[in-house]
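In case you want the letters, here they are:
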Amino acid sequence: MNTTERVIREQFPFWRKATAVAAFTDRDSTFVIVGCGTSYHLAQSIAASFNLRGLRAIAVPGGEWSRRRTTYLPDGFKTHVIGLSRSGESTETVQALEVSRTAGYATTAVTCEQGSSITKAADTVIFTATHPDEGIVMTASASLMLLVGLRLAGITVGEPEVAAAQAALETFEALLPAVLDGRSHPVLLGAGALYGIAAEGGIKLQEMSLSHVQSYQPMEYRHGPISLVDDQSFAVLLYSAETFAEEVRISTEVQNKGARVIGLGGPGDAGVEVGGSIEARSLVVLPMLQVLGERAAEMRGLDTSAPRYLKKVVVLDRTPA
Ligand SMILES: O=P(O)(O)OC[C@H]1O[C@](O)(CO)[C@@H](O)[C@@H]1O
């Protein structure tokens with residue numbers, strides 16, 4: 001087992017120790033949640049959870065908010081910007097908090113690096129300790145920042161969710177070889193708060209296994225992207241509670257076109273029961289998608305501890321051109 005996989009497996013004790021934060025209650029503010037790459041995908045899922053809990057929120061990539069924020073939200077609204085960054089150093093996320101502060105907005109940083117640049121641009125810092133051996137591919141830290149984000153939304157995450165994630169991971173791993181079976185085209189489908197997680201599963205597969213991946217909301221997938229499905233495809237369907245029956249039909253539809261389906265929280269060629277609360281499902285399913293990246297990389301003979309063209313911290317040259 002390489003270090004990437006070991007960190008994925010050893011993340012659960014860190015969940016147990018994750019920072020206890022009070023939920024936001026300010027219903028007058030618009031929360032803008034920013035991040036880059038993985039951290040942006042977490043922001044998408046967290047923003048959805050905020051909205052479900054009655055807190056108005058949008059997710060914006062750090063590079064977009066820092067450069068054209070009024071394209072996403074006009075000036076004049078009470079705004080609170082939350083930056084997610086494992087390293088606290090991704091240039092665009094740091095810039096996003098800096099421009100927010102200049103605009104007079106409240107700023108909060110969620111990070112795994114104390115004293116990092118993002119913390120200097122934030123009024124409030126939420127630090128959560130991660131696995132010390134985590135490498136370039138972000139796994140344990142992603143789960144931990146998501147966990148903190150769910151708590152900020154007011155969602156309880158505790159031992160039932162830790163146990164559920166561990167149990168689901170075990171089942172998933174046992175079922176995976178038969179479904180994967182040399183297939184090279186991953187499709188990740190998730191609705192609502194699970195869309196950001198489907199996108200995060202997608203980026204994991206890209207970084208780790210250099211696969212061309214499709215990540216969509218299940219209904220949206222039927223409007224064009226489904227054209228690519230064939231007998232090389234495997235779809236990971238993150239079932240949601242409110243549109244379950246529709247998603248079962250989509251599962252059958254892609255199976256009929258040659259894909260194998262792994263259903264997380266519902267049926268498929270392999271179905272995995274997902275325990276814990278419905279509101280915390282985004283977190284419970286995440287380790288499975290991380291392990292999926294590892295297995296897909298193995299299938300292609302790739303070493304996930306040295307992913308192509310990636311660095312742990314992606315920074316921009318900030319000297320004026
Ligand atoms: O959370 P951070 O430290 O800002 O980093 C985000 C980075 O992590 C990655 O997910 C790499 O693992 C990239 O997508 C992105 O550059």
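About the criteria used
- Residue numbers restart at each chain and count upward from 1, following the sequence in its written direction.
- Whole-chain, interface and lining totals are the exception, using all residues; otherwise, since this is a predicted model, local features are given only for residues with pLDDT of at least 70 and side-chain atom pairs are given and counted only at 80 or more.
- To obtain the side-chain values, all non-hydrogen atoms of the structure were used and water was disregarded.
- Using only the protein atoms, space was sampled on a 1 Å grid; points where a 1.4 Å probe fits but cannot get out form cavities, open sets with protein on both sides within 12 Å along at least five of seven lines form pockets, and lining residues are those with an atom within 4 Å of a point.
- Grid points are joined across faces, edges and corners, and a volume is the space filled by probe spheres set on the points.
- In DSSP terms, a helix is any run of H or I states spanning at least four residues, a strand is any run of E spanning at least two, and both are numbered starting from the N terminus.
- Each residue is assigned to one class: nonpolar for Ala, Val, Leu, Ile, Met, Phe, Trp, Tyr, Cys and Pro, charged for Asp, Glu, Lys and Arg, and polar for all the others, Gly among them.
- As annotated, the domain borders come from an automatic or database domain assignment.
- When accessible area is computed with a 1.4 Å probe and restricted to protein chains, residues below 20% of their type maximum are described as buried, those above 50% as exposed, and intermediate ones as partly exposed.
- Throughout this description, the term nonpolar core refers to a set of buried Ala, Val, Leu, Ile, Met, Phe, Trp, Tyr and Cys residues connected via side-chain atoms within 4.5 Å.
- Contacts are assigned to residue pairs that have any heavy atoms within 4.5 Å of one another.
- Strand pairing is assigned whenever DSSP detects at least two bridges linking the two strands.
- What counts as an axis is a line fitted to C-alpha atoms, over the stretch in contact for a helix, and the angles between N-to-C directions run from 0 to 180 degrees.

The name given to the chain in an unreviewed UniProt entry is SIS domain-containing protein, with the source organism recorded as Lichenifustis flavocetrariae.

Notes on the layout of surface pockets
The volume enclosed by the largest pocket comes to roughly 340 Å³. Lining the largest pocket are 21 residues, with Cys36, Gly37, Ser90, Lys312 and Val314 sitting closest to its centre. For the lining of the largest pocket, the secondary structure elements donating two or more residues are α3 (38-52), β3 (79-85), α5 (91-102) and α9 (195-209). Top element by residues in the lining of the largest pocket is α9. It accounts for 3 residues. Here the residues of the lining of the largest pocket sort into 8 nonpolar, 7 polar and 6 charged. Looking at which domains feed residues into the lining of the largest pocket, each of domain 1 (3-152) and domain 2 (159-299) gives three or more. One number sums up the size of the second largest pocket: a volume of about 260 Å³. Taken together, 16 residues form the lining of the second largest pocket, with Leu52, Ala193, Leu194, Glu242 and Ile278 sitting closest to its centre. Among the elements of the structure, α3 and α12 (281-299) are those that each provide at least two residues to the lining of the second largest pocket. At 3 residues, the largest contribution of residues to the lining of the second largest pocket is made by α3. Among the residues forming the lining of the second largest pocket, the class breakdown is 9 nonpolar, 4 polar and 3 charged. When residues of the lining of the second largest pocket are assigned to domains, at least three fall in each of domain 1 (3-152) and domain 2 (159-299).

Some remarks on the environment of tyrosine 309
Among the secondary structure elements, tyrosine 309 is positioned in the segment after α12. Using a relative accessible area of 75% as the deciding quantity, one classes tyrosine 309 as exposed. Separated by 42 residues in sequence, tyrosine 309 and proline 267 place their C-alpha atoms 36 Å apart.

Quick look at the nonpolar core
The biggest cluster of nonpolar side chains holds 65 residues, and the ones touching the most others in it are Phe50, Leu84, Val236, Leu264 and Met288. Both domain 1 (3-152) and domain 2 (159-299) contribute no fewer than three residues apiece to this core. Ignoring any residue separated from it by four or fewer positions in sequence, one finds methionine 288 in contact with Ala168, Leu169, Phe172, Leu264, Val272 and Val274. Ranked by size, the runner-up nonpolar core spans 14 residues in total, among them Val32, Leu73, Ala96 and Tyr105.

What to know about the side chain of serine 211
Along the chain, serine 211 falls in the loop between α9 and β7 (214-216). When residues no more than four places from it in sequence are discounted, the contact partners of serine 211 are Ser184, Pro186, Leu205, Gln206 and Arg300.

Here's the deal with unusual backbone geometry
With phi around 35°, aspartate 181 is a residue other than glycine that occupies positive phi space. Mapped onto the fold, aspartate 181 is located in the loop between α8 (159-180) and β6 (185-190). Residue classification places aspartate 181 among the exposed residues on the basis of a relative accessible area of 52%. Positive phi outside glycine occurs at tyrosine 309, with the angle close to 65°.

Comments concerning the sheet that holds β7
With parallel pairing, 5 strands are arranged side by side in an open sheet as β7-β6-β8-β9-β10. This sheet does not close on itself; its edge strands, each paired only once, are β7 and β10 (270-272). Taking the axes of each pair of neighbouring strands and ignoring which way they run, one obtains an average angle of 15° across the sheet. In the sheet, β6 pairs with strand β8 (residues 233-238) via 6 bridges, with the strands oriented parallel. By the bridge assignment, glycine 190 is partnered in β8 with leucine 238. Packed on one face of the sheet, α8 meets β8, β9 (260-264) and β10 and runs near 170° to β10.

Re the environment of asparagine 256
By the secondary structure assignment, asparagine 256 is in helix α11 (residues 244-256). Residue classification places asparagine 256 among the exposed residues on the basis of a relative accessible area of 65%. C-alpha separation for the pair asparagine 256 and aspartate 231, spaced 25 residues apart in sequence, amounts to 9.7 Å.

Description of empty space enclosed by the protein
Taken as a whole, this structure holds 1 cavity of 30 Å³ or more when the rule is applied. Each pocket or cavity is described by its volume, and for the largest cavity that value is around 30 Å³. When grouped by side-chain class, the residues that make up the lining of the largest cavity number 5 nonpolar, 2 polar and 2 charged.

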